[in-house]
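Remarks on the overall topology
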Amino acid sequence: MMKNILAAAAVFLLLGVAVYASFFIAPTDVKQGLIYRILFLHVPSAWTGLTAFFISFLANLLYVWRRQPRWDWLGVSAAEVGLAFTTVVLVTGPIWAHPVWGIWWTWSPRLTSTFVLWLLYVAYVVLRTLIEEPDRRALLSALFGIFAFIDVPLVFGSIRWWRDQHPQPVVMGEPGAGLDPIMYKVLLFSWLAMLALMTLLIRQRYRLEAMRGDLETMQQELEVA
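Residues numbered from 1 in each chain as written. Predicted model: local features only at pLDDT ≥ 70, side-chain atom pairs only at ≥ 80, totals over all residues. Heavy atoms only, no water.

This brings us to the environment of Val-88. Here Val-88 lies in helix H3 (residues 69-101). Put simply, Val-88 and Ala-46 are 42 residues apart on the chain and 8.1 Å apart in space, counted from C-alpha to C-alpha. When near neighbours in sequence (up to four residues on either side) are disregarded, Val-88 contacts Leu-41 and Ser-45. (Helix = DSSP H or I, 4+ residues; strand = E, 2+ residues; numbered from the N terminus. Contact = heavy atoms within 4.5 Å.)

A negative phi angle is the norm for most residues apart from glycine, just as the trans form is the norm for most peptide bonds. Phi is positive for Arg-67, which is not a glycine, with a value near 55°. Tracing the backbone shows Arg-67 in the loop between helix H2 (39-66) and H3. Overall, Arg-67 belongs to the partly exposed group, its relative accessible area being 48%. (Buried < 20%, exposed > 50% of the residue type's maximum accessible area, 1.4 Å probe, protein only.)

Turning our attention to the packing of helix H1 (residues 2-25) against helix H7 (residues 181-224). Packing of H1 against H7 leaves a shortest axis separation of 9 Å and a crossing angle of 155°. Our classification of the angle between H1 and H7 gives roughly antiparallel. Seen from above, H1 lies across H7 with left-handed handedness. Between H1 and H7, the residues in contact are Asn-4, Ala-7, Ala-8, Val-11, Leu-14, Leu-15, Val-17, Ala-18, Ala-21, Ser-22 and Ile-25 and Ile-182, Val-186, Phe-189, Ser-190, Ala-193, Met-194, Ala-196, Leu-197, Leu-200, Arg-203, Gln-204 and Arg-207, respectively. (Axes fitted to C-alpha atoms, helices over the stretch in contact; angles between N-to-C directions. Parallel < 35°, antiparallel > 145°, perpendicular 65-115°, else oblique. Left-handed = near helix turned anticlockwise from the far one by under 90°.)

Let us now look at the nonpolar core. Generally speaking, nonpolar side chains in soluble globular proteins are found buried as a group. Ranked by internal contacts, the top residues of the largest apolar core, which has 20 residues, are Val-11, Phe-85, Met-198 and Ile-202. Breaking this core down by element, the ones donating at least two residues are H1, H2, H3, helix H5 (134-148) and H7. Here this core gets seven residues from one element, more than from any other, and that element is H7. What Ile-202 contacts, discounting residues up to four positions off in sequence, is Ile-55, Leu-74, Ser-77, Ala-78 and Val-81. Core analysis: the second largest hydrophobic core is formed by 14 residues, Val-76, Tyr-124, Ala-148 and Phe-149 among them. (Core = buried A, V, L, I, M, F, W, Y, C linked by side-chain atoms within 4.5 Å.)

Here is the structure:
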C-alpha cells in the first residue's frame, strides 16, 4: 500500500512540475499566444495514448501466441488507458483549433484517423462486455486489438504522408519545423510525466483485471464442483 501511495505521489509531483513548466517556464508563442500552451497537454497525451496502444498490441500478440491470462489482462488495461488519453486528445484538439483555425473540427487525415482509432478501441472495450466466456472473450478481443492497432501507424504518419491542415510534426519533422529549445524540453518533460501517469494507471487497472480473472476462475470451479 505504501509503495502505491509513494508511486502516486511521485507521478502527481511530475505532473505538477510539468504544469508549472508549461505555464511559467516555456515562452509564449509569438503567433498563437497563450492558447498554444495546450500543446503541452495535447501532444504528450497523443504520444502517450499511442504508446499505451502499442503495449496493448504486444500483449494481444503474446496472448494469441501463449494463451496466458496475464497478457489478456495487460492488453485490456493498456487499451483502456490509451483510450482515456486519446479522449483527452480529441477534446483538447478542437479547443486549440478553434482560436487558431477558426473552426472546431475538420476531417483532415490526422483528425479523421485519430477519431477512427478512438472508435476502434471503444469497440474493443464494448466487445469484451458482450462475451461472458473468459477464454473466448480474451481470444476474440486480442484478435480485434491486433486489427485495431493497424490504425496507429496511420495516425502517426498521416501528417507526413498526406497534405493536412494539422500542423507538421515538431519532432522528427521537416527542417525548421521544430520548437524553441525551451519549449522542446518542456514538451519532453510533459511527455515523461504523462508516461509516468500511464504506467501508474495501467498497473492499477491490471491489478483490477487480475482480481476479476481470479474471481471468474473461482466461479467456474464452483460451477464444476
